[in-house]
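Working through the structure, step by step
Here is what each chain is made of, one letter per residue.
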Amino acid sequence: MKLNSNPTRLFKALALATVVLASCAAVAADKVIIMVGGYEKHIYLPAKLAEGLGYFKAEGLDVELLNEGSGVDAENEMLAGAVQGVVGFYDHCVDLQTKGKYVESVVQFSQAPGEVELVSTKHPEIKSMADLRGKSLGVTGLGSSTNFLSQYLMVKAGVPLGEFSTIPVGAGTTFIAAMTQDKIQAGMTTEPTISRMLKTGEARILVDMRTVEKTKQALGGTYPAASLYMPTDWVEKNKPTVQKLANAFVKTLKYISTHSAAEIADKMPKDFYAGDKEGYVKALADGKAMFTADGVMPAGGPETVLSVLSAFSKNVKGKTVDLSKTYTTEFVKNAK
């Protein structure tokens, strides 16, 4: 009886309930799961930094970051529909197009791989990539970007595929164990693993791709690497959400370019330091120039990636690739 005697109150209650339900639906729509190919790696630092700075929440996003040691495994999860995006290397966008799968970089984090080919100090006879003929090279995973780059550097050095082995050993402690046990004589990895092995004297640098200049020497041009890439059809259907992600990541990249390595490190989980914060900060200071300041794809970068992959990959060699469909600058250029 009371409910019927006050229709205005009833109307307001129904209106409020409608608003609440609509708000819940909006929040649910902005739930995004992103898989990172090892979020403790410096190259993928923007993912956890954006989370730590609260930039996802500020955009009204509910972003769940999942960790996966190898970029190729993260890519497979995305293709299976388990996650909406991957923080991984842009070169997968090129490789996948040759297999009829269209994914695109929507925010380009870096313009250099941030990778190093380390060689075990147990093998002083190895002085160049050519000396790795017949050896075992560590990569994060088969089909990963570290595998792509290792194969390219070997072929470039005159060692054909089949005359060396690439062994999936992950990164961090598993990579270090493989090298110290001589299961691999060399391997491609990132910070902070690089600094850890150099500090103990267990490895030395054979090829350095942590800066744009050294990357150009090794690969012949700027090599766009770490990025947020997503299936093109998902991007087209979810542009408002993708724009919010771009907003958050562009703010993060600006933060990286305007803050010191020590300030950035303070925003990261302490276990990422691997017990050596000083070493973590130094490595970040030395390498943070690899990040773009605005998320825009560097000019000429996609062409370098295509050239590198075409040098050794049967999937890519001789195939027509529409590079314009492997990345978009729409969202980063509209970022607020």
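Cut-offs used in this document
- Residues numbered from 1 in each chain as written.
- Predicted model: local features only at pLDDT ≥ 70, side-chain atom pairs only at ≥ 80, totals over all residues.
- Heavy atoms only, no water.
- Core = buried A, V, L, I, M, F, W, Y, C linked by side-chain atoms within 4.5 Å.
- Buried < 20%, exposed > 50% of the residue type's maximum accessible area, 1.4 Å probe, protein only.
- Helix = DSSP H or I, 4+ residues; strand = E, 2+ residues; numbered from the N terminus.
- Phe/Tyr/Trp six-rings, centres within 6.5 Å; stacked < 30°, edge-to-face > 60°.
- Polar contact = N/O pair within 3.5 Å; in protein donor to acceptor, adjacent residues only side chain to side chain.
- Pairing = 2+ DSSP bridges.
- Axes fitted to C-alpha atoms, helices over the stretch in contact; angles between N-to-C directions.
- Expected span 1.5 Å × (residues − 1).

Across soluble globular proteins, nonpolar side chains show a tendency to be buried alongside one another. Counting residues in each nonpolar core, the largest one holds 91 residues, and the members touching the most others are Leu45, Phe56, Val107, Phe109, Leu219, Leu228 and Leu245. For this core, the element with the most residues is helix α12 (residues 239–258), which contributes 9 residues. One finds Val116, Ile176, Ala178 and Ala203 within the second-largest nonpolar core, a separate group that totals 11 residues.

To continue, consider unusual backbone geometry. Cis geometry is adopted by the peptide bond preceding Pro192, which originates at Glu191 and carries an omega value of 10 degrees. Mapped onto the elements of the fold, Pro192 is located in the loop between β8 (186–190) and α9 (193–200). One non-glycine residue, Asp182, lies in positive phi territory at about 65 degrees. With respect to the helices and strands, Asp182 occurs in the loop between α8 (173–180) and β8. For Ala274, which is not a glycine, the phi torsion comes out positive at approximately 55 degrees.

Applying the stated rule across the entire model yields 6 aromatic pairs. A centroid spacing of 5.0 Å and a plane angle of 55 degrees characterise the contact between Phe109 and Phe249, whose relative ring orientation is tilted. Here Phe249 lies in helix α12 and Phe109 lies in the loop between β4 (103–108) and β5 (115–120), a separation of 140 residues in the sequence. Judged by its relative accessible area of 0%, Phe109 falls in the buried class.

Locating Thr193 in the fold gives a position in helix α9. What makes Thr193 buried here is its relative accessible area of 4%. A polar side-chain atom of Thr193 sits 3.2 Å from the main-chain amide nitrogen of Gly172.

With that settled, the discussion passes to the sheet that holds β5. Pairing within the open sheet is mixed, and its 5 strands lie in the order β7-β6-β8-β5-β9. Both outer strands of the open sheet, β7 (165–168) and β9 (203–209), are each paired with one neighbouring strand and no more. Averaged over all adjacent pairs, the angle separating strand axes in this sheet is 30 degrees, with direction ignored. In this sheet, β8 lies alongside β5 in antiparallel orientation, the contact comprising 5 bridges. Within β8, the residue paired with Val119 across the bridge is Ala186.

With that out of the way, let us pick up helix α7 (residues 145–156). Under the 1.5 Å per step criterion, the end-to-end length of α7 is 16 Å for 12 residues, consistent within 8% with the ideal 16 Å. Burial analysis of α7 places 10 of its 12 residues in the buried class, which makes it a mostly covered element. Positive phi appears at Gly158, one or two residues downstream of α7, with a value of about 90 degrees.

Spatial relationships are all this shows, so hold off on functional conclusions.
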